[in-house]
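# An overview of the molecular structure
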Amino acid sequence: MLKAFAIAGVAALTVMSATPSFAQSVEIGPGGVRLVEPRVERPMRRGMEISEREAVRVARAEGLRNVDNIERRRSRFIVEGTDRRGNDIRVNVDRQTGEVISVD
C-alpha cells in the first residue's frame, strides 16, 4: 500500500515539474508592493533582419558548398557560390524572414 502511494507521489511530482510555470512575481519598491506579470516572448519585430551568416546557412541548406560572394539588395541577400558538383549556384534569401526566394 505504501509502495502504491510512493509511486503515485513520484508520478504527480513528475507531471507537475514538466508543466511550465506562469507564476507572477512580487516586486517591492518605492511605490509599494506590486505584482509583475511574466514576460511573454514576442515574434520578431518589423525592421529586424537575418544576418549574412544566417543567409549563408540557409543557402547551404539549399545545396551551396563554397561561398564566392554575398550581396545585400533591397529585401534580399544574394548568396553566390558552387554546389558539390562544382556548378555555379545563386540563392536569393529574404532578409526579413530568412525564406528562400529562388535558387538559380
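### Side note on the confidence of the model for the chain
Looking at the chain as a whole, its pLDDT mean stands at 82, while 78% of the residues score no less than 70. When mean pLDDT is compared element by element in the chain, strand β4 (residues 76-82) scores highest at 96, while helix α1 (residues 2-18) scores lowest at 69.

### What about the pairing of strand β6 (residues 100-103)?
Where strand β5 (residues 88-94) lies against β6, 3 bridges are found, and the strand directions are antiparallel. Residue pairing across strands places N92 opposite S102, the latter belonging to β6. Between β5 and β6, which follow one another and run antiparallel, lie 5 residues, and G98 among them has a positive phi close to 85°.

### Considerations on the pattern of salt bridges
Applying the stated criterion across every chain, the model contains 5 salt bridges. A salt bridge links R95 to E49; the shortest N-O distance between them is 2.7 Å. With a gap of 46 residues between them, R95 in the loop between β5 and β6 and E49 in the loop between β2 (32-36) and α2 (52-61) connect regions that are remote in the sequence. When its relative accessible area of 13% is taken as the criterion, R95 is described as buried. You can call E49 partly exposed: its relative accessible area is 29%. Close ionic contact of R72 with E52 constitutes a salt bridge, the shortest N to O distance being 3.9 Å. Highlighted residues: R72 in strand β3 (residues 66-72) and E52 in helix α2, separated in sequence by 20 residues. Relative accessible area serves as the criterion here: at 46%, R72 is assigned to the partly exposed category. Look at E52 and you get partly exposed, because its relative accessible area is 36%. A single salt-bridge network, built from bridges that share partners, covers E49, E52, R72 and R95.

Cut-off values and rules
Residues numbered from 1 in each chain as written. Predicted model: local features only at pLDDT ≥ 70, side-chain atom pairs only at ≥ 80, totals over all residues. Heavy atoms only, no water. pLDDT = per-residue confidence, 0-100. Helix = DSSP H or I, 4+ residues; strand = E, 2+ residues; numbered from the N terminus. Pairing = 2+ DSSP bridges. Salt bridge = Lys/Arg side-chain N within 4 Å of Asp/Glu carboxyl O. Buried < 20%, exposed > 50% of the residue type's maximum accessible area, 1.4 Å probe, protein only.

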